[in-house]
Amino acid sequence: MPVYGAGQSRNPNKAKVREAMEKIGERDFLLVVDMQNAYLPGNPWGCSKMKDAIQYTLQMIDKFPETQVAFARFLPPDDPKGTWKEYNQTNKNINRNAWMNEFVEELKPYIRRDNTYSKSVYSCCENEELYQKLRQYERIFVTGVVAECCVLSTVLDLVDMGKKVVYLQEGIAGESRKKEEEVVSVLKGMSPVHILFR
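Residues numbered from 1 in each chain as written. Predicted model: local features only at pLDDT ≥ 70, side-chain atom pairs only at ≥ 80, totals over all residues. Heavy atoms only, no water.

### Quick notes on the sheet that holds strand β1 (residues 28-33)
Strand order in the open sheet formed by six strands is β3-β2-β1-β4-β5-β6, and the pairing between neighbours is parallel. Of all the strands in the sheet, just β3 (116-119) and β6 (195-197) have a single pairing partner and so form its edges. If you compare each strand with its neighbour and ignore which way they point, the axes differ by 25° on average. Bridging between strand β2 (residues 69-74) and β3 involves four bridges; their strand directions are parallel. Looking at the pairing, Arg-73 lines up with Ser-118 of β3. Contacting β1, β2, β4 (139-145) and β5 (164-173), helix α2 (residues 50-61) runs over the sheet at an angle of about 135° to β5. On top of the sheet, helix α8 (residues 177-187) reaches β5 and β6; it is set at about 170° to β5, its chief contact. (Pairing = 2+ DSSP bridges. Helix = DSSP H or I, 4+ residues; strand = E, 2+ residues; numbered from the N terminus. Axes fitted to C-alpha atoms, helices over the stretch in contact; angles between N-to-C directions. Contact = heavy atoms within 4.5 Å.)

Dropping the structure here:
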């Protein structure tokens, strides 16, 4: 299989990124991934840049019509399959903590029943209702956590759906800065054909 974007620069196309940010249109959508209390600094799955990512996400929410924003969160399934049984057993104390599973306080003014979606694996695209909604749009802007888990898995699924992904680095937090940079390094191999970086 050829390298993604073969024959083109592997660096983000700055003109396309600038255009994407300046012209939010009816075919654009903002997906906020797993911004839950468990990922706040000091908590079990804490991401050091989480607070900054929240503030950036709030700025992005204000740029989009409210019908073009969705919030996804991880909730453990009642009957996990395969390795997810071990995962959920290992993390049962977090999974059973209702506060840990809630969206962070800053996002609550924007949360509605019709714009929130639950998933039980890493990728947001596992939720069929959200998947069908995303199919209606061309460019998906992504913020959230964790860069090296749920965000990465979601971005790869969006690429396979044929979506242009705008990876909003300031709005994405990983377990560490190093892991955030490693994810970007991998995804840059798909830029600018599949992914733009901001």
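Next comes the rest of the account.
### Considering the nonpolar core
The biggest cluster of nonpolar side chains holds 30 residues, and the ones touching the most others in it are Leu-30 and Met-50. Counting residues per element, the ones that place at least two in this core are β1, α2, β2, β4 and β5. With seven residues, α2 is the largest single contributor of residues to this core. Within the second largest apolar cluster, 29 residues are counted, among which are Val-33, Cys-150, Leu-187 and Ile-195. (Core = buried A, V, L, I, M, F, W, Y, C linked by side-chain atoms within 4.5 Å. Buried < 20%, exposed > 50% of the residue type's maximum accessible area, 1.4 Å probe, protein only.)

### Remarks on the pattern of salt bridges
Side-chain pairing between opposite charges can occur once the charged atoms of the two side chains come close. If you walk through the whole model with that rule in mind, you get 13 salt bridges. In this structure, Glu-180 engages Lys-49 in a salt bridge whose closest nitrogen and oxygen atoms are separated by 3.6 Å. Residue Glu-180 is found in helix α8, and its partner Lys-49 is found in the loop between β1 and α2; the two are separated by 131 residues along the sequence. Exposure class is identical for Glu-180 and Lys-49. Each is buried. For Glu-102, the salt bridge is made with Lys-108, and the minimal N-O distance between the two is 3.0 Å. Within the structure, one salt-bridge network assembled from shared partners comprises Lys-49, Arg-177 and Glu-180. (Salt bridge = Lys/Arg side-chain N within 4 Å of Asp/Glu carboxyl O.)

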